Structure formats: C-alpha cells, structure tokens
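Close look at the chain arrangement
Now for the letters of each chain:
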Amino acid sequence: LYQRGERDLAIQFTRMLGCTPIDTPQVNETGSTYICVHPDDADRDGMNNVLYLSEIRPTQHDLEMQMKRAIAADAALSQVVEAYRHKAEHLPYGIPHFGLRFPSFESIEPVLQSLETCRDPAMRGRYTVMALRPDDPRALSSDLIQAFVYTDIIASGLFCLGQVIELQAQRATA
C-alpha cells in the first residue's frame, strides 16, 4: 500500500529498491490503478514474483488516523510504539518484514548506493537503511550482504508502525 497523495513517491521508492513498477489498467475502489512491482526487470509476469501497490483504503486510513490520535494521547502507548519503531529501525531482527533477494553483490550495491546517498527532499526522513556488508561485525556471514530498510512510504501493514524490507545478496561462489 501507499498513502493518499503519495503514489509518485511510492513508485520512486520502489525504483530505488531496484524494482520495476508498472501501472496496470485495473482500477480499484479508491479510483486509482494497481501498480505491479517487479523485483526482476527481465521477469514481468504479473502473476508470479511480483508485489502489488495500491492506495490505502478508507477503512485502514480511518484506523490509522484513530491510532495516531490514541498514540499521541496515551503516554504509555506512545512509549511502546516508539520502542517498536526503534527496534524496527535499528535491530529489525524478528520484526515482520518482506525481502528482496539480489543475484549478486554487484547487483545489490547500486541499490544500496542509491538508498544511502539519496538527497531528494521528498524522501528525507521517510526511510532509513542499515546495511550489513561482509566486513561488518554484525554481519550474519562473510558471504552475505543484508540491508534492512525501514520506511513509511509503502507498507503491507500499518503505516503508523512502519515497514521493514530486507534486501539480500549472497557472494558468488566459484
């Protein structure tokens, strides 16, 4: 999903993730069309290995607005939500997420470079990247690059909690 008025931002963000977004002719109840997001530009199968983006529906939007008001009004709730967000951003292990697998270190590095050096004012403060390269002591393996992107630009759940996206590539073996 993407938030109201943020279709172009969501499309731009999926491109930064290394994906190819393609608009579809299918209109949903918001009046906008679905967007197929293809992790592999060479594979544009609209039914397999694809993510779908669409505008947040009124019922979820209303829920999110009520939740924001409740979080702002309740100090204890605000504290636990902030703790969750902090974990999602800094220690995302165990936080619900989806992943995109890249075929090589060479294919993931331009994506990480784009995310890590983005200066677009519309993106400022809307996502963070924690990249664990093989030389990082926190790395799971010396044969793996893992990057955790935390954002509120797109979500498969509640925007008020953010979305974790894992980007991953394995070192090519000889």
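The present account deals with the structure reproduced in this document. (Residues numbered from 1 in each chain as written. Predicted model: local features only at pLDDT ≥ 70, side-chain atom pairs only at ≥ 80, totals over all residues. Heavy atoms only, no water.)

1. Overview of the packing of aromatic side chains
We count it as follows: The aromatic pairing rule takes the rings of Phe, Tyr and Trp, using the six-membered ring of Trp, and pairs them if the centres are within 6.5 Å, calling planes under 30 degrees apart stacked, those over 60 edge-to-face and the rest tilted. A run of H or I in DSSP counts as a helix once it spans at least four residues, and a run of E counts as a strand once it spans at least two, with each numbered from the N terminus. Think of it in three bands: residues with accessible area under 20% of the maximum for their type are buried, residues over 50% are exposed, and the middle band is partly exposed, with areas taken using a 1.4 Å probe on protein chains only.
In this structure the tally under the stated criterion is 2 aromatic pairs. On the basis of an interplanar angle of 50 degrees and a centroid distance of 5.6 Å, the ring pair of Phe-13 and Tyr-127 is categorised as tilted. Of the two residues, Phe-13 sits in helix H1 (residues 7–16) while Tyr-127 sits in strand E5 (residues 127–132), which places them 114 residues apart along the sequence. Overall, Phe-13 belongs to the buried group, its relative accessible area being 0%. When the ring of Tyr-93 is compared with that of Phe-148, the centres are 5.6 Å apart and the planes differ by 85 degrees; the resulting orientation is edge-to-face. Here Tyr-93 is found in the loop between helix H3 (75–90) and strand E4 (97–102), whereas its partner Phe-148 is found in strand E6 (residues 144–151), with 55 residues between them in sequence. Take Tyr-93: its relative accessible area is 39%, and that puts it in the partly exposed class. On the basis of relative accessibility, which here comes to 4%, the residue Phe-148 falls in the buried class.

2. Quick notes on the sheet that holds E6
Counted only if it meets this: Note on pairing: two strands pair once DSSP finds at least 2 bridges between them. Axis angles are defined between N-to-C directions and span 0 to 180 degrees, where every axis is a line fitted to C-alpha atoms and, for a helix, only to the segment in contact. Here a residue-residue contact requires only that any non-hydrogen atoms of the pair lie within 4.5 Å.
If you trace the 4 strands from one edge of the open sheet to the other, you get E4-E7-E6-E5, paired in mixed fashion. Looking along the sheet, the strands with just one partner apiece sit at the ends: E4 and E5. With direction set aside, neighbouring strand axes in the sheet form an average angle of 20 degrees. Both E4 and strand E7 (residues 163–170) contribute to a ladder of 6 bridges, which runs parallel. By the bridge assignment, Arg-101 is partnered in E7 with Gln-168. Each of E4, E5, E6 and E7 is contacted by helix H4 (residues 105–117), which is oriented at about 145 degrees to E7, the strand it contacts most.

3. Brief notes about the environment of Leu-161
By the secondary structure assignment, Leu-161 is in the loop between E6 and E7. Residue Leu-161 is classed as partly exposed on the basis of its relative accessible area, which comes to 25%. With 76 residues separating them along the chain, Leu-161 and Arg-85 place their C-alpha atoms 6.3 Å apart. Setting aside its immediate chain neighbours within four residues, Leu-161 contacts Val-81, Tyr-84, Arg-85 and Tyr-150.

4. Describing the pattern of salt bridges
The cut-off we apply is this: One speaks of a salt bridge when a side-chain nitrogen belonging to Lys or Arg is within 4 Å of a carboxyl oxygen belonging to Asp or Glu.
For the coordinates displayed, the defined rule picks out 10 salt bridges. Two residues, Glu-6 and Arg-126, come together in a salt bridge whose shortest N-O distance is 2.9 Å. Of this pair, Glu-6 sits in the segment before H1 while Arg-126 sits in the loop between H4 and E5, and the two are 120 residues apart along the sequence. Classification of Glu-6 by relative accessible area gives buried; the value is 17%. A salt bridge links Asp-143 to Arg-171; its shortest N-O distance comes to 3.1 Å. With a gap of 28 residues between them, Asp-143 in the loop between E5 and E6 and Arg-171 in the segment after E7 connect regions that are remote in the sequence. A relative accessible area of 36% places Asp-143 in the partly exposed class. The network of salt bridges with common partners includes Glu-6, Arg-126 and Asp-152.

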